[in-house]
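Architecture and fold: a report
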Amino acid sequence: MEPIKVENVTVAYRKKPVLQDISFTVPEGKLIGIIGPNGAGKSTLIKAMLGLIPKASGTVSIYDKPYTKQRKLVGYVPQRGSVDWDFPTNSLDVVLMGRYGHIGWFKRPGKKDIEYALECLDKVGMKEFANRQISQLSGGQQQRVFLARALAQDATVYLMDEPFVGVDAATEKAIISLLNELKAQGKTVLVVHHDLQTVKEYFDWVLLLNLRKIAIGPTEEVFTVDHLQKTYGGRLAFLDQTKL
């Protein structure tokens with residue numbers, strides 16, 4: 001069974017398609033980068049897969065069942081810019097939100113849940129900030145807290161929307177280390193990513209997207225000049241060819 005199967009997904013805003021007939025499957029235990037220019041539909045694809053925006057057509061399956069029946073298996077890290085960081089809560093409470101799929105929304109987290117949440121904060125170097133209000137954290141620290149929340153979900157599949165944007169070098173290093181740890185555990189991780197220079201270093205597989213699927217497969221086979229030209233058109237002059 002494939003961890004993720006997307007079939008014929010189309011998304012439209014005001015009757016204008018922004019994703020057209022997207023189909024793909026991915027193997028288990030891979031780090032997969034979703035790559036494409038601004039406006040290509042990368043974030044839209046993630047949100048459509050999660051049911052956060054409506055699909056005009058198509059289906060999404062997680063281990064052969066509809067996503068709606070497999071929510072507990074899927075962890076999500078949204079774009080940092082889409083979060084209300086002024087909401088009055090601390091880092092530990094944010095991470096504990098990742099446990100509600102296991103304990104239920106109407107039960108209070110127990111001692112084991114709190115200990116697990118603190119372990120997740122520790123993994124991203126944020127345990128000492130457990131009681132800090134999220135509005136008082138730096139951008140990189142906020143991103144680490146959201147990664148800890150995804151870890152607390154103890155998911156099998158992770159969808160991450162531009163986790164490297166706006167973070168410092170230390171946080172970027174911490175994030176990629178965490179992603180490799182998830183992969184080593186057999187988890188499947190899809191990451192919307194914008195930095196072409198690090199694609200080969202970070203990802204086993206890539207999905208090249210520009211409103212339609214251009215290509216998907218192992219990075220060594222798919223991340224080529226030919227495929228990138230089809231994805232980006234004439235906007236590839238900035239890319240260091242030695243990275244391909």
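Computed from a predicted structure; not experimentally measured.

1. A closer look at the overall build of the protein chain
Of the regular secondary structure elements, the protein chain holds nine helices and 10 strands. Over its C-alpha atoms the protein chain spans a radius of gyration of 18 Å, differing by no more than 12% from the 18 Å that the globule rule assigns to 244 residues. Judged by the C-alpha coordinates and their principal axes, the protein chain covers about 55 × 40 × 35 Å. Residue burial in the protein chain is summarised as follows: out of 244 residues, 50% are buried. The contacts in the protein chain between residues at least 6 apart in sequence include a share of 67% that link residues at least 24 apart. For the protein chain, the accessible area works out to roughly 12,000 Å², and carbon and sulfur atoms hold 49% of it.

2. Quick notes on the packing of helix α4 (residues 111-123) against helix α5 (residues 139-152)
At their nearest, the axes of α4 and α5 sit 8 Å apart, and the two run at 135° to each other. It follows from the interaxial angle that α4 and α5 lie oblique. At the point where α4 passes α5, the crossing takes the right-handed sense. Side by side, α4 and α5 meet where Tyr116, Cys120, Leu121 and Lys123 of the first sit next to Val145, Ala148, Leu151 and Ala152 of the second.

3. Observations concerning the nonpolar core
Soluble globular proteins tend to pack their nonpolar side chains together in the buried interior. Val95, Leu121, Met160, Leu179 and Val189 are the most contacted members of the largest nonpolar core, which has 45 residues in total. With seven residues, α5 is the largest single contributor of residues to this core. In this structure, Met160 is in contact with Val77, Leu147, Leu179, Leu182, Val189, Leu190, Val191 and Val192, ignoring residues within four places of it in sequence. Residues Val6, Val9, Val18 and Trp205 belong to the second largest nonpolar core, which totals 30 residues.

4. Digging into the sheet that holds strand β7 (residues 157-161)
The strand order across the open sheet built from six strands is β6-β7-β8-β3-β9-β10, with neighbouring strands paired in mixed fashion. Strands at the two margins of the open sheet, each flanked by one partner only, are β6 (74-77) and β10 (212-218). This sheet shows a mean twist of 15° between the axes of neighbouring strands, independent of strand direction. In terms of strand pairing, β7 meets strand β8 (residues 188-192) through five bridges, oriented parallel. Note on β8: the bridge partner recorded for Met160 is Val191.

5. Here we look at the pattern of salt bridges
Considering all chains together, one arrives at six salt bridges under this definition. Close ionic contact of Lys183 with Asp204 constitutes a salt bridge, the shortest N to O distance being 3.2 Å. Of this pair, Lys183 sits in helix α6 (residues 169-184) while Asp204 sits in the loop between α7 (199-202) and β9 (205-210); the two residues are 21 residues apart in sequence, bridging distant segments of the chain.

6. Side note on the packing of α5 against α6
Put simply, α5 and α6 touch, their axes get as near as 10 Å, and they point 10° apart. With respect to their mutual orientation, α5 and α6 come out roughly parallel. Handedness of the α5/α6 crossing: left-handed. Of the residues in α6, those touching α5 at Gly140, Gln143, Arg144, Leu147 and Leu151 are Ala170, Thr171, Ala174, Ile175, Leu178 and Leu182. Among the residues forming the contact of α5 with α6, the class breakdown is seven nonpolar, three polar and one charged.

7. Here's the deal with the pairing of β9
Of all six residues that make up β9, five are buried, and the element is covered over most of its length. Bridge count for strand β3 (residues 31-35) against β9 is four bridges, and the pairing is parallel. In the strand pairing of β9, Ile35 is matched with Leu208. As judged from the six bridges shared by β9 and β10, these two strands associate in the antiparallel manner. Paired with Leu208 across the bridge in β10 is Ala215. In this antiparallel pair of consecutive strands, β9 and β10, the connection spans one residue, and Leu211 shows a positive phi of 70°.

Reading the values: the criteria
Residues numbered from 1 in each chain as written. Predicted model: local features only at pLDDT ≥ 70, side-chain atom pairs only at ≥ 80, totals over all residues. Heavy atoms only, no water. Helix = DSSP H or I, 4+ residues; strand = E, 2+ residues; numbered from the N terminus. Rg over C-alpha atoms; globule rule 2.2 N^0.38 Å. Buried < 20%, exposed > 50% of the residue type's maximum accessible area, 1.4 Å probe, protein only. Contact = heavy atoms within 4.5 Å. Areas by Shrake-Rupley, 256 points an atom, 1.4 Å probe, with all protein chains shown as cover. Axes fitted to C-alpha atoms, helices over the stretch in contact; angles between N-to-C directions. Parallel < 35°, antiparallel > 145°, perpendicular 65-115°, else oblique. Left-handed = near helix turned anticlockwise from the far one by under 90°. Core = buried A, V, L, I, M, F, W, Y, C linked by side-chain atoms within 4.5 Å. Pairing = 2+ DSSP bridges. Salt bridge = Lys/Arg side-chain N within 4 Å of Asp/Glu carboxyl O. Nonpolar A, V, L, I, M, F, W, Y, C, P; charged D, E, K, R; others polar.

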